[in-house]
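If you want the building blocks of each chain, they are given just below.
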Amino acid sequence: MKGVFYLLHDSPARRDDFISVTGDTLFPLYFCETRWVEDKCVAERLLEIWANIVKLVDYYDSLPKYKQPSFKTYIHVKNAVSDPFTKSKLYYFSYIAGLLQPFLKIYQTDKPMLPFLFDDLKSLVKTLLTNIVDSNILEKSKTTKELLDIKLDQNNLLKTNDVHIGFAASSEVRKLLVKDVVTTKQVAVFKKEARTFVIGILKKIYTKCPLNSDIVKNSTIFNPEKIQTNRGKFLKKKAKLLFQKFVSLNIIPFTKADKAYIQYCNFIDDDMLLILENAKLFVRGESRIDDFFFQDLKVYKKYPDMSTLLILILTLSHGQAEVERGFNNNNLVLKDNMSIDSIVARRFMNDYMIQKGLHPHEMPITPQLMKSVSSARTRYNVYLEEAKKRESQK
């Protein structure tokens, strides 16, 4: 996918060749190995224009040898065109990316999400395992620990022919078999590679994701959906484990943990009707969990110690999307020869506008703002004088 993009992106001449040969102006999209949230559409675009890529390669092959491209990127693309499984591989990649994309999109937000993380991760892992692991093994694995302890070896994996590769890829493979383009042995090799691909993803998830974290696992006691569907006894048990973990990590003193635990038990016993009433109005993706507890239920008034621990949980990061978004915002405000103070000031303004949902033309022109702008030059001169004094004192 990357090769096809660079084949046409880096050369206006080849783009002209593509348009003249195919009569189309739809080009490949950029592929990034580490941005799975954006890669499904890349595979779909390539599938959409694959016939045109084949035409372009056939056109270059028809030219005299000295005019044919010979650089490495083109050779990779040419090899892909000659591979009968390329479309099947693209369909399969799109299928797996489609399984990962909803989870990744949900956690691109800067809203507090930790109470949902464990169940969403577990669901994702189980979905991936369903494609390659025997269903009998999955049915026996009731707990998360049992699910993670499934060994991805020949005893537990599906037979090669039973590996699920998605309906689009399966349909493409059947067409190849009907046309005698490939053999059943080659199909078996393709499915084995597909299985290895999923195993690689699962191993990466097991290594990087906090499915074994006691804090992540037990923070589900603050998930409004879980509170609705679980008994109070179960929630209290998980609350005890969660608060014990905070004490063992020396994050809170045991006296505060005792108070927080008692308050959580009272919260579940006394306020369940109020919780259920508000939980019905809670919508994932639209409602904020901090608003649910602190604005709707107003827990900080009645349960201050539990609220302190809840704030700790809600401030724990669920990903790096917000940090990466900050780098993008830096690129928007940066200009040549800007000082650090200027960058910080522009970021302050940028963040304020994002937070308030404002555009430049919507900024309110208040008397205070006009007064501040009119005295900006004076403040700048004072700043320069202070900078000179600091420099002379060194």
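Rules of the game
All residue numbers refer to position in the chain's written sequence, counted from 1. Residues qualify for local features only when their pLDDT is at least 70, as the model is predicted, and side-chain atom pairs are given and counted only at 80 or more; totals for whole chains, interfaces and linings, by contrast, use all residues. By convention in this description, side-chain values take in all heavy atoms of the structure and omit both hydrogens and water. Note on conventions: DSSP H or I runs of at least 4 residues are helices, E runs of at least 2 residues are strands, and numbering of each starts at the N terminus. In this analysis, the expected span of each helix is defined as 1.5 Å times one less than the number of residues it contains. Relative accessibility under 20% of the residue-type maximum defines a buried residue, over 50% an exposed one, and the middle range a partly exposed one, all with a 1.4 Å probe and only protein chains included. The arc in question is the one spanned by the directions pointing from the helix axis to the C-beta atoms. Contacts are assigned to residue pairs that have any heavy atoms within 4.5 Å of one another. For our purposes a nonpolar core is just a set of buried Ala, Val, Leu, Ile, Met, Phe, Trp, Tyr and Cys residues, chained together by side-chain atoms within 4.5 Å. Each axis is a line fitted through C-alpha atoms, and for a helix only the stretch in contact is used; angles between axes span 0 to 180 degrees, taken between their N-to-C directions. These descriptions rest on fixed angle ranges, namely under 35 degrees for roughly parallel, over 145 for roughly antiparallel, 65 to 115 for roughly perpendicular, and the rest for oblique. When residue character is reported, Ala, Val, Leu, Ile, Met, Phe, Trp, Tyr, Cys and Pro are called nonpolar, Asp, Glu, Lys and Arg charged, and the others, Gly included, polar. Two cysteine sulfur atoms form a disulfide, by the criterion used here, when they sit within 2.5 Å. Rotating anticlockwise by less than a right angle from the far helix to the near helix defines a left-handed crossing, while the corresponding clockwise rotation defines a right-handed one. Known as pLDDT, the predictor's confidence for each residue is given on a scale from 0 to 100. Think of a salt bridge as a Lys or Arg side-chain nitrogen and an Asp or Glu carboxyl oxygen that are within 4 Å of each other. We call two N or O atoms a polar contact when they sit within 3.5 Å, provided that within protein one can donate a hydrogen and the other can accept it, with sequence-adjacent residues counted only if both atoms are side-chain atoms. Pairs were defined over the aromatic rings of Phe, Tyr and Trp, the Trp ring being its six-membered one, requiring ring centres within 6.5 Å. Orientation was assigned from the angle between planes: stacked under 30 degrees, edge-to-face over 60, tilted for the rest. Two thresholds decide whether a charge sits over a ring: the Lys NZ or Arg CZ must be within 6 Å of the ring centre and within 35 degrees of the ring normal.

Compared with the 24 Å implied by 1.5 Å per residue over 17 residues, the 24 Å span of helix H13 (residues 232–248) between its first and last C-alpha is a close match. Three or more residues of H13 are buried, namely Leu-235, Lys-236, Lys-238, Ala-239, Leu-242, Phe-243 and Phe-246. Within H13, the buried residues cover an arc of 165° as seen down the axis, which keeps them to one side. Across from the buried face of H13, at angles greater than 90 degrees, the exposed residues are Lys-233 and Lys-237. On its buried side, H13 packs onto helix H11 (214–218), helix H12 (224–229), helix H14 (254–270) and helix H18 (304–315). Asn-250, located one to two residues past H13, shows a positive phi value of around 60°.

Membership of the largest hydrophobic core comes to 71 residues, with the highest contact counts inside it found for Phe-222, Tyr-264, Phe-267, Phe-293 and Val-299. A total of ten residues in this core trace back to one element, the largest contributor, which is helix H6 (residues 114–132). Setting aside its immediate chain neighbours within four residues, Phe-222 contacts Pro-115, Ile-227, Leu-242, Tyr-264, Ile-289, Phe-293, Met-306, Leu-310 and Ile-313. Residues Ile-49, Ile-53, Leu-63 and Leu-90 belong to the second largest nonpolar core, which totals 17 residues.

Moving on, we come to the packing of helix H1 (residues 2–9) against helix H2 (residues 12–22). Their axes nearest at 6 Å, the elements H1 and H2 cross at an angle of 100°. With respect to each other, H1 and H2 are oriented roughly perpendicular. For the pair H1 and H2, the contacting residues are Tyr-6, Leu-7, Leu-8 and His-9 in the first and Arg-14, Arg-15 and Phe-18 in the second. Among the residues making up the contact of H1 with H2, the classes are represented as four nonpolar, one polar and two charged.

A full pass over the atoms with the stated rule returns zero disulfides. Summary of cysteine pairing: Cys-32 is not part of a disulfide, and the nearest cysteine sulfur, belonging to Cys-41, is at 12 Å. The class of Cys-32 is buried, set by a relative accessible area of 18%. Cysteine Cys-209 is unpaired, with the sulfur of Cys-32 as its nearest cysteine sulfur at 18 Å.

Let us now look at the packing of helix H16 (residues 289–296) against H18. For the pair H16 and H18, the least separation of the axes is 11 Å and the interaxial angle reads 165°. On the basis of their axis angle, the class for H16 and H18 is roughly antiparallel. In this structure, H16 meets H18 at a crossing whose hand is left-handed. Facing H16, whose interface residues are Ile-289, Asp-290, Phe-293 and Phe-294, H18 presents Ser-307, Leu-310, Ile-311 and Leu-314. Taken together, the residues of the contact of H16 with H18 break down into six nonpolar, one polar and one charged.

This part takes up unusual backbone geometry. Even without being glycine, Asn-250 reaches a positive phi, approximately 60°. Of note, Asn-250 is situated in the loop between H13 and H14. Backbone geometry at Lys-298 places phi at a positive 50°, although glycine is not the residue there. Turning to its location among the elements, Lys-298 is positioned in the loop between H16 and helix H17 (299–302).

Close inspection of predicted coordinates is inappropriate in any region flagged by low pLDDT. Looking at the chain as a whole, its pLDDT mean stands at 88, while 99% of the residues score no less than 70. In the model of the chain, helix H19 (residues 321–333) stands out as the element of lowest mean pLDDT, 71, in contrast to helix H9 (residues 167–178), which has the highest, 94.

Take the pattern of salt bridges next. All chains considered together, the criterion is met by 13 salt bridges. A salt bridge links Asp-149 to Lys-145, with the nearest nitrogen and oxygen atoms 2.9 Å apart. The class of Asp-149 is partly exposed, set by a relative accessible area of 48%. The residue Arg-288 makes a salt bridge to Asp-290 at a minimum N-O spacing of 2.9 Å. For Asp-290, a relative accessible area of 17% corresponds to the buried category. Connected via shared salt-bridge partners are Asp-120, Glu-225 and Arg-284.

This brings us to the environment of Pro-84. Within the fold, Pro-84 resides in the loop between helix H4 (72–82) and helix H5 (86–106). When sequence neighbours within four positions are dropped, the list of residues in contact with Pro-84 reads Leu-176, Val-181 and Val-182.

With that settled, consider the side chain of Thr-86. Mapping Thr-86 onto the fold places it in helix H5. What makes Thr-86 buried here is its relative accessible area of 9%. Within polar-contact distance, the side chain of Thr-86 engages the backbone oxygen of Asp-83 at 3.2 Å. In this view, Thr-86 contacts Trp-50 and Ala-80; residues no more than four positions away in its chain are not counted.

A few words now on the packing of aromatic side chains. Scanning the model with the defined rule gives 21 aromatic pairs in all. Geometrically, the ring pair formed by Phe-71 and Tyr-74 is tilted, given 6.3 Å between the ring centres and 55° between the ring planes. Residue Tyr-74 is classed as buried on the basis of its relative accessible area, which comes to 2%. Joined through ring pairs, the aromatic side chains of Phe-116, Phe-222, Tyr-264, Phe-267, Phe-282, Phe-292, Phe-293 and Tyr-303 make up one cluster. Stacked on the ring of Phe-27, the Lys or Arg Arg-15 has its end atom at 4.0 Å from the ring centre. It is Arg-284 that lies over the ring of Phe-116; its NZ or CZ is 4.2 Å from the centre.

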